[in-house]
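Next come the chains, spelled out residue by residue.
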Amino acid sequence: MSMDGRTCVVTGAGRGIGAGIAEHLGSQGANVVVNYRSSGGGADEVVDHIETLGGQAITSQADVTSLDEVEAMREQAHEAFGPIDVLINNAGITKDTRFVNMSREEWDQVMDVNLGGMFNCTKTFYDDIWEASEGRLINISSIVGKQGNFGQANYAAAKAGMFGFTRTIAIELASGGSTANCVAPGFTRTDMLEEVPDNVKDRIVSQIPLGRFAEIEDIAHLVGYIASENSSYITGEVIDVNGGMDL
Ligand code: NAP
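Residues numbered from 1 in each chain as written. Predicted model: local features only at pLDDT ≥ 70, side-chain atom pairs only at ≥ 80, totals over all residues. Heavy atoms only, no water.

Asks: Looking at this structure, how should I read the pairing of strand β6 (residues 179-185)?
Replies: Successive residues of a regular strand alternate their side chains across the two faces of the sheet. Most of β6 sits inside the fold, with seven of its seven residues counted as buried. Side chains of β6 alternate between two faces, with T179, N181, V183 and P185 and A180, C182 and A184 buried alike. Where strand β5 (residues 136-140) lies against β6, five bridges are found, and the strand directions are parallel. What sits directly across from L137, in β6, is A180. Across four bridges, the pairing between β6 and strand β7 (residues 238-241) is parallel. From the neighbouring strand, A184 faces β7, where its bridge partner is D240. (Buried < 20%, exposed > 50% of the residue type's maximum accessible area, 1.4 Å probe, protein only. Helix = DSSP H or I, 4+ residues; strand = E, 2+ residues; numbered from the N terminus. Pairing = 2+ DSSP bridges.)

Spelled out as structure tokens, the structure:
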């Protein structure tokens, strides 16, 4: 299998896109660290599912906004599997409201998880990725980082910030042979999408050339390819999975 012997950390993997990524990587033979903040039950199910498929996985509770908790996660990962090869910064939140109504707290919370969490995890696992043969940093951004979206000034700014960060890390990692890329999903069927009002969802789907929202597997399969050794000549990219929304 394409991920045999590779160890991956997936943040926010107790539900949604992160859970789908973790299960897909496990199905490809990876050892998976299933990070969660509050979805412990979901994380246990993800581990069970990976083990059913013959893979190995552990859960690790850490709030990605806490550097101490992320460092404790690294200890757990090392104890279970040794140094990691792949970090997937997937944990993310929204706090949507029109900019005129947006509080500084709503701005800070979104920055803290989406950008601060990415900083903490990348900082903590950077040496592992650098030293791995074909190490991978994969940041889950969003089409909203490119296009903006009504009520999401904080989220759009954070997701666009991931692009510049990823390109810079790609440059810094390159001489060691490891890569960094962003995946930018379009609107994907998860709890996050459920928070969007139905009339807005209808408007969005009418703007998607492929005529449907993304399924979690659409994102997970691309991440699986980038995480594998087969993608070794792709770095510094923002790869869209959005049904043609920006055509
Ligand atoms: P979701 O269903 O709302 O799940 C969010 C995930 O992030 C949960 O697993 C949650 O963990 C985790 N999380 C949030 N804050 C955290 C923290 N401080 N520490 C650790 N984990 C934390 O979201 P999703 O739709 O799966 O989205 C996953 C990623 O894809 C996000 O980065 C999102 O921005 C991006 N994305 C989503 C869409 C979409 O339409 N769904 C589109 C483009 C991009 P717990 O449940 O354990 O707290």
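Asks: Just to check I follow, could you spell out the layout of surface pockets for this structure?
Replies: Left-over empty space is what a probe sized like a water molecule reveals as it rolls over the atoms. Roughly 1000 Å³ of volume is contained in the largest pocket. Considering the residues around the largest pocket, the lining is formed by 47 residues, among which G92, I93, T94, T190 and M192 are closest to the centre. Elements supplying a minimum of two residues to the lining of the largest pocket: α1 (16-27), β2 (31-36), α6 (153-173), α7 (191-194) and α8 (198-206). Residues belonging to the lining of the largest pocket are distributed by class as follows: 21 nonpolar, 18 polar and eight charged. (1 Å grid on protein atoms, 1.4 Å probe; cavity = no way out; pocket = protein on both sides within 12 Å on 5 of 7 lines; lining within 4 Å. Points joined across faces, edges and corners; volume = space filled by probe spheres on them. Nonpolar A, V, L, I, M, F, W, Y, C, P; charged D, E, K, R; others polar.)

Asks: What exactly am I supposed to notice about a negative patch on the surface here?
Replies: Judged by side-chain charge, D44, E45, D48 and E51 come together as a negatively charged surface patch. Here D48 is to be found in helix α2 (residues 40-52). (Patch = residues over 30% accessible without salt bridge, like charges linked within 9 Å, V, L, I, M, F, W, Y side chains within 5 Å. Areas by Shrake-Rupley, 256 points an atom, 1.4 Å probe, with all protein chains shown as cover. Salt bridge = Lys/Arg side-chain N within 4 Å of Asp/Glu carboxyl O. Lys, Arg positive; Asp, Glu negative; His and termini not counted. Charge placed at Lys NZ, Arg CZ, Asp CG, Glu CD.)

Asks: Mind showing me how you'd approach the confidence of the model for the protein chain here?
Replies: Note: predicted coordinates in regions of low pLDDT should not be interpreted at a detailed level. The predicted model of the protein chain averages 97 in pLDDT, with 100% of residues at 70 or higher. At the level of individual helices and strands, the protein chain shows its lowest average pLDDT in α7, which scores 89, and its highest in β5, which scores 99. (pLDDT = per-residue confidence, 0-100.)

Asks: Would you mind going over the environment of C182 with me for this structure?
Replies: Assignment of secondary structure puts C182 in strand β6. Judged by relative accessible area, C182 falls into the buried class, the value being 0%. Sequence separation between C182 and Y155 is 27 residues, and the spatial gap between their C-alpha atoms is 15 Å. In this view, C182 contacts N139, S141, M162, F163, T166, E237, V238 and I239; residues no more than four positions away in its chain are not counted. (Contact = heavy atoms within 4.5 Å.)

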